[in-house]
Amino acid sequence: MDSFEALLVERTETHFTVEVRELLLEDLPAGEVTIRVLYSGINYKDALACSPTIRVVRSYPMVLGIDLAGTVVASADSRFREGDDVLVTSYELGTGHYGGMSAYARVPADWVVPLPQGLTHREAMILGTAGFTAALSIQRIEENGLRVEQGPVLVRGATGGVGSNSVSMLAALGYEVEASTGKSADHGYLLELGAKLVRTREEVASAASKPLNKEYWAAAIDPVGGDSLAHVLSCIKYGGSVALSGLTGGGEFAASVYPFILRGVNVLGIDSVYCPMPMRKCLWDRLANDLKPVMLERTVYREVTLDTVKEAAQEVLDGRVRGRILVRLSD
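Residues numbered from 1 in each chain as written. Predicted model: local features only at pLDDT ≥ 70, side-chain atom pairs only at ≥ 80, totals over all residues. Heavy atoms only, no water.

**Here's the deal with the environment of alanine 185**
Here's step 1: Structurally, alanine 185 is set in the loop between β10 (177-181) and α4 (187-193).
Here's step 2: A sequence separation of 45 residues divides alanine 185 from arginine 140, and the C-alpha atoms of the two residues are 31 Å apart. (Helix = DSSP H or I, 4+ residues; strand = E, 2+ residues; numbered from the N terminus.)

Here's what the structure looks like:
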């Protein structure tokens, strides 16, 4: 086979580079399944990997991309055959194992999910890890008792990948969704996705928050974290849950124990990286059916090729992206 393009990040004691390189199949790491990649996407973790000051990549050089969707071209595992349509998200993809921003990828068979009927490769990557994380968040808060009639559900960071997917999915399920964002220009976009009310970032980050405020939200989906999480917790109804999946607002927060011991509030840690395969397949099936956003295409911010990923990643880090940036690998 001729060479193919991949986006590699390299780090030495004196240099840090993110650039498109030519690879051969023999350059790919060990794995049972080789995939011709059609689409990937830029997640927050991918954007961090493009920054010289933040280390999320475990070893160098590394092909970036924690998501991919494509077609199997070779398999040493009986579960997959040439021509199968598949997707891979998370695990060590793009951080400890060559990732999806490459025309070809080779991965362990245990990471591979058959592309469910009802999703195209492109749609799977519009969802990607962000959509999967939103679905897992909804699954967990419903497992912990959330029902439509209990009241409004807050979605923080609502214009991001996890947030916009959460707004769409919750609205389609019949929930009253309140979306929070720091981007005033995007209020109309969130209402279009199904939010009943859009709140400013400041409204859900009260500096004067008490340990317990009036019960208001039945639950919250939070890919933001940070100090403002304390105010959200203080407003969750009795027995309600916050599905916490991110730290764009910071990795620490200071809060009172009162919401937990007086109202039975739950903080549910959402880990999409090592989510067990049975749950992973179940959720991807739901993403092709009842959790598939009606306005999925509306959440696409832009589609790029490998040569412009670095610039697009900086937009993600600067908070200038609404929804998802897709990376197209093959025509």
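**Remarks on a nonpolar patch on the surface**
Here's step 1: Residues Val257, Tyr258, Phe260, Ile261, Leu262 and Val267 make up a contiguous nonpolar surface patch of about 540 Å² in total accessible area.
Here's step 2: Inspection of the secondary structure puts valine 267 in strand β14 (residues 266-269). (Patch = residues over 30% accessible without salt bridge, like charges linked within 9 Å, V, L, I, M, F, W, Y side chains within 5 Å. Areas by Shrake-Rupley, 256 points an atom, 1.4 Å probe, with all protein chains shown as cover. Salt bridge = Lys/Arg side-chain N within 4 Å of Asp/Glu carboxyl O.)

**A word on a negative patch on the surface**
Here's step 1: Residues Glu5, Glu22, Asp307 and Glu311 make up a contiguous surface patch of negative charge.
Here's step 2: Within the fold, glutamate 22 resides in strand β2 (residues 16-23).
Here's step 3: Under the relative-accessibility criterion, glutamate 22 is labelled partly exposed at 47%. (Lys, Arg positive; Asp, Glu negative; His and termini not counted. Charge placed at Lys NZ, Arg CZ, Asp CG, Glu CD. Buried < 20%, exposed > 50% of the residue type's maximum accessible area, 1.4 Å probe, protein only.)

**Description of the packing of aromatic side chains**
Here's step 1: Evaluated as defined, the whole model comprises five aromatic pairs.
Here's step 2: For the ring pair phenylalanine 132 and tryptophan 284, a centre distance of 6.0 Å and an interplane angle of 20 degrees mean the geometry is stacked. Remark: tryptophan 284 occurs in helix α7 (residues 277-287) and phenylalanine 132 occurs in helix α2 (residues 121-143); sequence separation between them is 152 residues. Neither phenylalanine 132 nor tryptophan 284 differs from the other in exposure class; each is buried.
Here's step 3: Ring centres 5.4 Å apart and planes at 80 degrees place the aromatic pair tyrosine 216 and tryptophan 217 in the edge-to-face group.
Here's step 4: Connected via pairs of aromatic rings, a cluster forms that spans Tyr91, Trp111 and Tyr274.
Here's step 5: When the ring centre of tyrosine 189 is taken as origin, the NZ or CZ atom of arginine 322, which lies over that ring, is 4.2 Å away. (Phe/Tyr/Trp six-rings, centres within 6.5 Å; stacked < 30°, edge-to-face > 60°. Lys NZ or Arg CZ within 6 Å of the ring centre and 35° of its normal.)

**Examining the pairing of strand β1 (residues 4-11)**
For a regular strand, side-chain orientation follows a simple rule: the groups alternate between the two sheet faces.
Here's step 1: Of all eight residues making up β1, six are buried, and the element is well covered by its neighbours.
Here's step 2: Bridge analysis of β1 against β2 gives eight bridges, and the strand direction is antiparallel. Bridge pairing links arginine 11 to phenylalanine 16 in β2.
Here's step 3: What sits between β1 and β2 in their antiparallel hairpin is a turn of four residues.
Here's step 4: Pairing between β1 and strand β4 (residues 62-63): two bridges, direction antiparallel. Looking at β4, one finds that valine 9 is bridged to methionine 62. (Pairing = 2+ DSSP bridges.)

These results come straight from atomic positions and should not be treated as a statement about function.
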